[in-house]
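# Structural description and commentary
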Amino acid sequence: MRLGCIADDLTGATDVALMLQNAGMRTIQTIGVPAGLAPEDADAVVVALKSRTTAAAEAVAQSLAALQWLRQHGAEQILFKYCSTFDSTDAGNIGPVADALLDAMGAPFTVACPAFPTNKRTVYLGHLFVGEQLLSDSPMKDHPLTPMRDANLARVLGRQTKHKVGLVALPTVRQGAAALREAFAKLKDSGHAYAIVDAVADEDLLALGAACGDLPLLTGGSGIAMGLPANFGIRKGSDAAIAAVGGYAAVLSGSCSAQSNAQVAHWVKARPAFRIDPLQLADGADLAAAALAWAGPLLAAGPVLVYATAEPDAVRKTQARLGAQRAGELVEQCLARIARGLIERGVRRLVVAGGETSGAVVNALGVRALRIGPQIDPGVPWTVSTSEPRLALALKSGNFGAVDFFDKALGMQT
Ligand code: ADP
């Protein structure tokens, strides 16, 4: 292993794993810290944690455990990967985790760059933009767990860390890797532990990657990974291929994002679908058994969708009665049981929509590591479990993927 990556959520981990794979690194993703798991033959290993919104102390503990495993298995450089919208609160977890990683590695300095221009996340003069809006004007201002109300990243990170945060602005980035290294040295000499680095295009991320070859620790979104493989002498090869996985196919959607709603609506127009209503679950209905009884005879004819995805109004009504947490848990448990039942009925290719939902499903299936395969849409690859039974899994974070994502994924050879 050359590069070790610690990602603060599951679908974010898949996103950075795809970026590394596309840049030529053979990449494995593990679900949690892989206690006892022998490292597969890979250039990069991405440890997917669930540490974005836990208490900071828990996020730090998980991240340090991941660091220890990665270094034990040979990682020469560590990337701490968080969301391209810098999802965090004043209590953490980006600052506390990055501080702890710096301390543990005995490193005095690192960079912080969430930019991902392909997905319209850019950083200019230290301010994070989502499309044409400042982060603080974007829908992220209303995120239920990590509302982002300040777009100035030096200020946001400054509230989370005990260290000084500086800025390397775009004009310096555009001068290339040598100028960036000089700027890092100046910031470090003046007592800064972090540099927010501007990036508005892929060329900026490539320059940043080239300037970071000697830093033990980097922090950023998946974009920052694009320039790293070249530091290890790895060049982009042919597209990733994974050995074909036969068997039936199905889609499970527990995401209620606007994009997942559009994808589900697109599917139900022409394909078989079964809806899970959390209110019925709360009343004791065994919808997992019902969904499996419905799906069983259909699978031989083609893929089926089981979804809890609902529009914001319906979600609000459900949450008003059950509470957001209970509603989420009921749906996740139900979809996880359905996933297990589908595998028992011969499904081997599974598309899952939703970050938390994907976490619940891979846990229920006992999947501990994934090899990264070809890209379906930006940020979402096909993956294959490294253990038996071999499962092809496409884990999609809520807002990713085109409207025909499910068809597109299942139409690909896996
Ligand atoms: P995303 O990636 O879009 O954030 P997640 O799976 O991470 O998707 O989160 C969606 C959450 O909403 C999950 O906890 C899921 O169980 C829950 N959920 C799904 N459908 C409903 C629904 N109809 N009403 C309330 N909550 C729901």
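Remember, it's a predicted structure, so these values are computed and weren't measured experimentally.

## Quick word on helix H2 (residues 56–72)
An α-helix turns once per 3.6 residues; consequently, residues spaced three or four apart project the same way. For H2, built from 17 residues, the straight-helix expectation of 24 Å at 1.5 Å per residue is met to within 8% by its first-to-last C-alpha distance of 24 Å. When H2 is considered as a whole, its buried residues turn out to be Ala-59, Val-60, Gln-62, Ser-63, Ala-66, Leu-67, Trp-69 and Leu-70. The elements touched by buried residues of H2 are strand E1 (3–7), strand E3 (44–48), strand E4 (77–81) and helix H3 (94–105). Following H2 by one or two positions, Gly-74 adopts a phi angle in the positive range, close to 100°.

## Examining the state of the cysteines
Covalently bonding the sulfur atom of one cysteine to the sulfur atom of another cysteine gives a disulfide. Counted under the stated rule, the structure contains 0 disulfides. Of the cysteine sulfurs around Cys-334, a residue in no disulfide, the closest is that of Cys-256, at 13 Å.

## Description of the domain arrangement of the protein chain
The domain architecture assigned to the protein chain consists of domain 1 (3–232) and domain 2 (248–412). Each side of the interface is counted separately: domain 1 has 20 residues, and domain 2 has 26 residues. Taking both sides of the interface into account, the surface hidden between domain 1 and domain 2 amounts to around 1800 Å²; carbon and sulfur atoms contribute 60%. Looking only at domain 1, the three residues that lose the most surface to domain 2 are Thr-11, Leu-18 and Ile-31, adding up to 31% of its buried area. At the boundary of domain 1 and domain 2, one finds 1 salt bridge. For Glu-356, the salt bridge is made with Lys-50, and the minimal N-O distance between the two is 2.7 Å. Between the two partners, domain 1 and domain 2, sit 6 residue pairs in polar contact (both at pLDDT 80 or more). When its residues are assigned to classes, the side of domain 1 that touches domain 2 shows 8 nonpolar, 8 polar and 4 charged.

## Considering the side chain of Thr-383
Take Thr-383: it is sitting in strand E17 (residues 380–385). A distance of 2.8 Å separates a polar atom in the side chain of Thr-383 from the backbone oxygen of Leu-393.

Calculation rules
Residues numbered from 1 in each chain as written. Predicted model: local features only at pLDDT ≥ 70, side-chain atom pairs only at ≥ 80, totals over all residues. Heavy atoms only, no water. Helix = DSSP H or I, 4+ residues; strand = E, 2+ residues; numbered from the N terminus. Expected span 1.5 Å × (residues − 1). Buried < 20%, exposed > 50% of the residue type's maximum accessible area, 1.4 Å probe, protein only. Contact = heavy atoms within 4.5 Å. Disulfide = S-S within 2.5 Å. Domains from an automatic or database assignment. Buried area = accessible area lost by both parts, 1.4 Å probe. Salt bridge = Lys/Arg side-chain N within 4 Å of Asp/Glu carboxyl O. Polar contact = N/O pair within 3.5 Å; in protein donor to acceptor, adjacent residues only side chain to side chain. Nonpolar A, V, L, I, M, F, W, Y, C, P; charged D, E, K, R; others polar.

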